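Residues per chain are reported as follows:
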Protein chains: 2
Amino acid sequence: MCEAYNELEETFQRLYRFHHLAQLATWDVQTMMPPKGSNARGAAIAELKAVTHDLLTSEHTKKLLAVAAAEAKLTAAERANLREMKYRHLSERALPKDCVTRKAKLSAESSVTWAKARAENNFSLFAPYLKQAVANAREEARYRGAVFGTGLYESLFNMYESGMTLDSVDAIFQDIKVWLPPTLKRILASQKERAASMIPLHGPFPVEKQVPLCRYMAETWGFDFEGGRLDPSAHPFTGMTPEDTRITTNYSTATYTKAMFMTIHETGHSRYNVNRGPTDKRGQPVADARSLVIHESQSRLGEVAVARSAAFAEYATPALRRFLGDDPAFASVENVRQVHQHVEPGYIRLTADGVCYPLHILLRYEIERDLIEGRMEAEDVPRVWNEKMQQYLGLSTEGKDNVGCLQDMHWSTGTLGYFPTYTLGSMLAVQLMAAIKREIGENTVNDAIRTGQLKPILEKQKEKIWDHGCRYLTDELIRKATGEPLNPQYFKDYIERRYLRGED
Amino acid sequence: MCEAYNELEETFQRLYRFHHLAQLATWDVQTMMPPKGSNARGAAIAELKAVTHDLLTSEHTKKLLAVAAAEAKLTAAERANLREMKYRHLSERALPKDCVTRKAKLSAESSVTWAKARAENNFSLFAPYLKQAVANAREEARYRGAVFGTGLYESLFNMYESGMTLDSVDAIFQDIKVWLPPTLKRILASQKERAASMIPLHGPFPVEKQVPLCRYMAETWGFDFEGGRLDPSAHPFTGMTPEDTRITTNYSTATYTKAMFMTIHETGHSRYNVNRGPTDKRGQPVADARSLVIHESQSRLGEVAVARSAAFAEYATPALRRFLGDDPAFASVENVRQVHQHVEPGYIRLTADGVCYPLHILLRYEIERDLIEGRMEAEDVPRVWNEKMQQYLGLSTEGKDNVGCLQDMHWSTGTLGYFPTYTLGSMLAVQLMAAIKREIGENTVNDAIRTGQLKPILEKQKEKIWDHGCRYLTDELIRKATGEPLNPQYFKDYIERRYLRGED
């Protein structure tokens, strides 16, 4: 009866298997591959992409999609699956092949030059590559815009978050721009008053002691080491598939907080990956993660709403003593809380605290949007970066592009439109946590955190987010999960409560 | 001009990239994959195999092969390349798809049952699977025999060693059967006389001390850690590609010899992989390794002819003290030599010494050949195993199938015809070493080994074997490298010299 649809499910099952191999090949690059393996690996991944591209965009697949769309007997999950299939098909077809090849070629060359430019603190080396990356991205935005009827920057943003409009996103960033910089100043002032009483970390913290701590924390969130791994990598990420989920972290002997919070963050991503439903459709697009915003909300819920809370300091303190020994900073739960909630503006996004982080993203969002929409050019980046850094975080990056506009690798690989998902995900994390507290009670949540028995929280994440996979678009999923659209007020409240009033 | 040939080179370049991914997926299974990842991994590898199969066996490829064969302008290397392409094409086409699928399905189920049967020392659990594996292998032998005009067992043997006839191989095994068992008895008697003076290993040897020792030994053979890895795995192997070669070993705290010699063995495989030529044809069949016999000769040359020699004990002793501390057995170079050359019949092939190893292989060769050619059945295996074990090694496996016919996993995965390559490779290793000594002088070779400056030996391996890739068939390659066909006399001489006269 639904022959066309069934054949599509088979096609996407095959694509899922190719995706498995691509994920493995990429994970290995970041964790295991010796440096001289990179050219052959690049060629192998490209070959796999070509196979995937041909299968996904073939005329036959196009025809099947049209036939299946007319099929009345599909279930709701199958309809959603078909919608996602069609989106992937269109998205993959949107770009002419020469545009894809040009982008891939530039990305490979560009990331090498970016690394050199950063090491030498020399933006001018990277500038021509950035200029070309922007030109490519503008071209890509035009092609995608023509297919999906979206604006230029929106077309890129939608590659990572297909379920939200840019209007709603922009309103949120305009809002952040107004209230967060002055709030940061108030937080720093109030923190200064309390600072004298905080015992800072003494350290050092040997990596071999941090590894079991990180594994313990991952297990606290239910990470199953029979179906996953934890490895070190330069840039922490979550990779592989639901059947075999792999997270990474990055160790510093100066502070355990970096590796521990990164592990908790990635565990959040992996728990979503493992449990995303509907499970009887595993391998189908409808059982995939909804989007990067939803993904980030799951990792930030664990990292920010749970692991940096006061209640979590109660759970963490004895564990820290057990795994890391008696550092002076572990003298009291209250001191550990202060260490975990310390706010300090810095140059580097990756290690920024929960208050400063959205300002790093705001800066990048504004710059990349202006680049794509033609209001600025690649050569303006260092100047504008410095201006916004001063305005939002009170720091100058003049003469320090290595810790300024050269710090992230995203643009070097032609990835523009990705950054906003970080902040939107953080906001959603807080909003989701508020909904969970409303439903099962603030005390239940706090007890769960205090004791490290996170089951009640994880079950709610499963019910609200994981189970649905791609059944709904992002806006609808957020509304079903929290009773309202993405609402920045929750984030504001949480910032003030935790960082000004010390109530969380 | 050579359009068809050029298109074939492109096709095989693509196959090489898919092979890269298949290698990575398999390496990961053995080293990194968490247990729950196995089903999804199996499906992904099968999907990749399907793509490879379709590309390799397509009517289009068949036509190109025919057109290119008529092309007069090809170089000698290109002609050899075309020969290897055609062999792969025919070999992949030889089996009907249902036969391949049946074999793959059985292999997956069978290896699980084999592991259980071994753990429970219960052959009857495994018997029905072995029976089916033999039936499948017989069928496969018939199909391949029809394509290549080979005998039943020969058809299977040729999957691993396509350049040798079974007649020549069989003569060698008949010969071993006659002279090696009595020689072993003589060796054990003469060793007994000297045994009282040997200081045995005291240990234990912590793994973290063995790892740098193994890395040091791999580097002695020129292993480049910028283009390769060394990891632990249950069954040591060499994986991945020339661009990124990965070896594994297996540690026991009771003796360093296991991990160290396995590492040296696998380093031999990897050095061949990295250097096999012609290098300007990398990715083409002509630049692949010649065969498993040639492969094994390169690993055994390092492990047996070099690393277990008296000269190598001079190099190893200070290194052992440096990495592992002052074990009583490291008291003298002579004692280390005795430890490395100790002969002791045991049940397990994998850890057998250089004298007993060929007897383990002889036993398997005779059994699997009789199975395939219908002279015995799966249920006879434990009985015949026990008889031959008593005859060749003086050990009974009655009631001990777990260390008898259940010890190896090859047959559980339907791999029959592979075992002989181990012994043939060992023999060739010794013959090659004799040729190298003739050419550059025994003193030069011994000095190289004594000092760990192996360059003169490695250069000869490169010139004689590595550089040629698949340009010649095995018999021709052996003749070019050593001046004669595979000649068991070298192996006999080496056994008597080292193990009876103590001259090596």
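What you see is a predicted model, and the numbers here were worked out from it, not measured in a lab. (Residues numbered from 1 in each chain as written. Chains lettered and ligands numbered in written order. Predicted model: local features only at pLDDT ≥ 70, side-chain atom pairs only at ≥ 80, totals over all residues. Heavy atoms only, no water.)

Here's the deal with the nonpolar core
Ranked by internal contacts, the top residues of the largest apolar core, which has 107 residues, are Phe312 and Val381 of chain A. Among the elements that make up this core, the one with the highest residue count is helix 16 (residues 420-440) of chain A (10 residues). When residues are assigned to domains, this core turns out to be shared by domain 1 (3-150) and domain 2 (151-503) of chain A, each giving three or more. Ignoring anything within four residues of it in the chain, the contact list for Phe312 of chain A reads Met217, Trp221, Ile264, Val306, Ala307 and Ile449 of chain A. In this structure, Tyr153, Ala307, Ala313 and Leu424 of chain B belong to the second largest nonpolar core, which totals 106 residues. (Core = buried A, V, L, I, M, F, W, Y, C linked by side-chain atoms within 4.5 Å. Buried < 20%, exposed > 50% of the residue type's maximum accessible area, 1.4 Å probe, protein only. Helix = DSSP H or I, 4+ residues; strand = E, 2+ residues; numbered from the N terminus. Domains from an automatic or database assignment. Contact = heavy atoms within 4.5 Å.)

Things to note about the packing of aromatic side chains
With the rule as written, the count across this model stands at 40 aromatic pairs over all chains. Here Trp385 of chain A and Trp411 of chain A contribute two aromatic rings whose centre-to-centre distance is 6.1 Å and whose plane-to-plane angle is 85 degrees, an arrangement assigned as edge-to-face. With Trp385 of chain A in helix 15 (residues 381-393) and Trp411 of chain A in the loop between helix 15 and helix 16, this pair connects stretches of sequence that are 26 residues apart. Each member of the pair, Trp385 of chain A as well as Trp411 of chain A, is classed as buried. Members of the aromatic cluster, each reached through a chain of ring pairs, are Tyr160, Tyr357, Trp385, Trp411, Tyr418, Phe419 and Tyr422 of chain A. The ring centre of Phe225 of chain B lies 3.8 Å from the NZ or CZ of Arg215 of chain B, which sits over that ring. Across the ring face of Tyr357 of chain B, the terminal group of Arg300 of chain B is positioned such that the distance to the ring centre comes to 4.9 Å. (Phe/Tyr/Trp six-rings, centres within 6.5 Å; stacked < 30°, edge-to-face > 60°. Lys NZ or Arg CZ within 6 Å of the ring centre and 35° of its normal.)

Points about the domain arrangement of chain A
Residue and element names in this part refer to chain A. Along its sequence, chain A is carved into domain 1 (3-150) and domain 2 (151-503). Here the C-alpha centre of domain 2 lies 26 Å away from the C-alpha centre of domain 1. Contact residues are listed per partner, giving 46 residues for domain 1 and 56 residues for domain 2. Summed over both sides, the interface of domain 1 with domain 2 buries roughly 4,400 Å², with 60% coming from carbon and sulfur. (Buried area = accessible area lost by both parts, 1.4 Å probe.)

So, the sheet that holds strand 3 (residues 244-249) of chain B
Residue and element names in this part refer to chain B. In space, the 3 strands of this open sheet follow the order 1-3-2, with mixed pairing throughout. Of all the strands in the sheet, just strand 1 (228-232) and strand 2 (238-241) have a single pairing partner and so form its edges. Across this sheet, the average inter-strand angle for adjacent strands is 15 degrees, counted without regard to direction. In the sheet, strand 1 pairs with strand 3 via 5 bridges, with the strands oriented parallel. Bridge assignment links Arg229 to a residue of strand 3, and that residue is Arg246. Sitting on the sheet, helix 1 (residues 3-31) touches strand 1, strand 2 and strand 3, and the angle it makes with strand 2 is about 145 degrees. (Pairing = 2+ DSSP bridges. Axes fitted to C-alpha atoms, helices over the stretch in contact; angles between N-to-C directions.)

Overview of the packing of helix 8 (residues 166-195) of chain B against helix 16 (residues 420-440) of chain B
Residue and element names in this part refer to chain B. One way to put it is that helix 8 packs onto helix 16 with a least axis distance of 11 Å and a crossing angle of 80 degrees. When the interaxial angle is binned, helix 8 and helix 16 end up roughly perpendicular. Contacts between helix 8 and helix 16 pair Val169, Ile172, Phe173 and Ile176 from the former with Pro420, Thr423, Leu424 and Met427 from the latter. (Parallel < 35°, antiparallel > 145°, perpendicular 65-115°, else oblique.)

Overview of the relation of the copies chain A and chain B
Turning chain A through 180 degrees and shifting it by 0.0 Å along the axis lays it on chain B, with an RMSD of 0.0 Å. On the angle and the small slide along the axis, the relation comes out as a two-fold axis. No C-alpha of chain A lies nearer the rotation axis than that of Leu21 of chain A, which sits 3.5 Å from it. Take the interface residues of chain A: 100% of them recur as interface residues in chain B, which is what a same-surface contact looks like. (Least-squares fit on C-alpha atoms with pLDDT ≥ 70 in both.)

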